[in-house]
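# Notes for the structure review
In case you want the letters, here they are:
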Amino acid sequence: MKKKVLFVCIHNSARSQKAEALLNQICSGEFEAHSAGLEPGRLNPMAVAALREIGLDISGNQTKSVADMIKSGQVFSYVITVCDETSAERCPIFPGGAARLHWSFPDPSSFQGAPEQKLARTREVRDMIERKVRQWCDEVCCLAAG
C-alpha cells in the first residue's frame, strides 16, 4: 500500500503543488502525494508554466486548505512543509502520527522583475524541489527495502 504524503506551504499555489506533482511522477509506486496550504490562494501561473516545460500539467489543479485535509480524515505517513521556517511552525499536527519534515524553498509569489525573470527563478525552484524529491525517494525507498 502506498504511503500518503502531504506537502504544505502558505497558499498551495506553487511550491507544494510542484512537490506533489513531482513526487507523484518520480516515485508513484511508493507514494501518493497531496498538497495543501495554510491560506489557500490561486495557482501560480509561473509554477504551471515551469512544470509544463517538463511534461507535468497542473493547470486543472485547485488549491486546497490544510484544515480541509485534516477534516477529510485522511492519514498521512509524512507531512512535509516546503515554506520558510516561520510559516512551517504554523502547520497543525495531523492525526495518525505523521512524520514531519521541513524542506525550505524560495516562494515564487515573492519574485520580482519581468515575467521572463520570474519564470527563470521559478524554474530554479522547480529544479531544487525535484532534486530534493529524488534524493528523499532514494533514501526512503532504500530504508524500506533494507
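Please refer to the structure higher up on the page.
This structure is a prediction, so every number in the text was calculated from the model and none was measured. (Residues numbered from 1 in each chain as written. Predicted model: local features only at pLDDT ≥ 70, side-chain atom pairs only at ≥ 80, totals over all residues. Heavy atoms only, no water.)

### Quick word on the pattern of salt bridges
Going by this rule: Salt bridges, as used here, are contacts in which a Lys or Arg side-chain nitrogen is within 4 Å of a carboxyl oxygen on Asp or Glu. A helix here means a DSSP run of H or I that spans at least four residues, while a strand means a run of E at least two residues long, and both kinds are numbered starting from the N terminus. Accessible area is worked out with a 1.4 Å probe on protein chains only. A residue is then buried under 20% of its type maximum, exposed over 50%, and partly exposed in between.
Within this structure, the stated rule accounts for 8 salt bridges. Between glutamate 53 and arginine 126 there is a salt bridge whose closest N-O contact spans 3.2 Å. A residue pair is termed long-range when its members are at least 10 positions apart, and glutamate 53 in the loop between α2 (45-52) and α3 (66-71) and arginine 126 in helix α5 (residues 115-145) qualify at 73 residues. A relative accessible area of 7% places arginine 126 in the buried class.

### Considering the state of the cysteines
Our working definition: Only a pair of cysteine sulfur atoms within 2.5 Å qualifies as a disulfide here.
This model, assessed by the stated rule, comprises 0 disulfides. The thiol of cysteine 83 is unpaired, and the distance to the nearest cysteine sulfur, on cysteine 9, comes to 6.4 Å. By relative accessible area, cysteine 83 is classed as buried at 0%.

### Topic: the environment of cysteine 83
Examined against the element boundaries, cysteine 83 turns out to sit in the loop between β3 (78-81) and α4 (85-88). C-alpha of cysteine 83 to C-alpha of asparagine 12: the two residues are 71 residues apart in sequence and 10.0 Å apart in space.

### Some points on the packing of aromatic side chains
For clarity, the threshold we go by: Centre distance within 6.5 Å is the pairing criterion for rings of Phe, Tyr and Trp, where only the six-membered ring of Trp is used; planes under 30 degrees apart are then read as stacked, over 60 as edge-to-face, and the remainder as tilted.
Applying the stated rule across the entire model yields 5 aromatic pairs. Taking 6.2 Å as the distance between ring centres and 75° as the angle between the ring planes, the aromatic pair formed by phenylalanine 31 and tyrosine 78 counts as edge-to-face. Here phenylalanine 31 is found in strand β2 (residues 31-37), whereas its partner tyrosine 78 is found in strand β3, with 47 residues between them in sequence. The buried category is assigned to phenylalanine 31, whose relative accessible area is 1%.

### Looking at the environment of alanine 14
By the element assignment, alanine 14 lies in the loop between β1 (3-9) and α1 (15-26). Judged by relative accessible area, which is 2%, alanine 14 ranks as buried. For the pair alanine 14 and glutamate 130, spaced 116 residues apart in the sequence, the C-alpha separation amounts to 13 Å.

### Digging into the side chain of threonine 122
Quick reminder of the rule: Contacts are assigned to residue pairs that have any heavy atoms within 4.5 Å of one another.
Residue position: threonine 122 is located in helix α5. If near-sequence neighbours (up to four positions away) are discounted, threonine 122 is found in contact with Lys18, Met46, Ala47, Ala50, Pro108 and Phe111.

### Quick word on α2
Going by this rule: Here the arc refers to the set of directions running from the helix axis out to each C-beta atom. Here a polar contact is recorded for every N or O atom pair within 3.5 Å, except that within protein the pair must consist of a potential hydrogen donor and a potential acceptor, and residues adjacent in sequence are included only if both atoms are side-chain atoms.
Every buried residue belonging to α2 is among Ala47, Val48, Ala50 and Leu51, and all of these are buried. Looking straight down α2, one finds its buried side chains confined to an arc of 165°; they lie on one side. In this structure asparagine 44 caps α2, since a side-chain oxygen of it lies 2.7 Å from the backbone nitrogen of methionine 46.

### What about the sheet that holds β1?
Two modes of strand pairing occur in sheets, parallel and antiparallel, and in both the strands are linked by backbone hydrogen bonds. Selection rule: If DSSP finds at least two bridges between two strands, the strands pair. Throughout, an axis means a line fitted to C-alpha atoms (over the contacting stretch in the case of helices), and angles, computed between N-to-C directions, take values from 0 to 180 degrees.
Pairing in this open sheet of 4 strands is parallel, and the strands run β2-β1-β3-β4 from one edge to the other. Edge strands, defined here as strands with exactly one partner in the open sheet, are β2 and β4 (99-102). Averaged over neighbouring strand pairs, the angle between their axes works out to 20° when direction is ignored. Where β1 meets β3, 4 bridges bridge the pair, whose relative direction is parallel. Directly across from leucine 6, in β3, lies its bridge partner valine 79.

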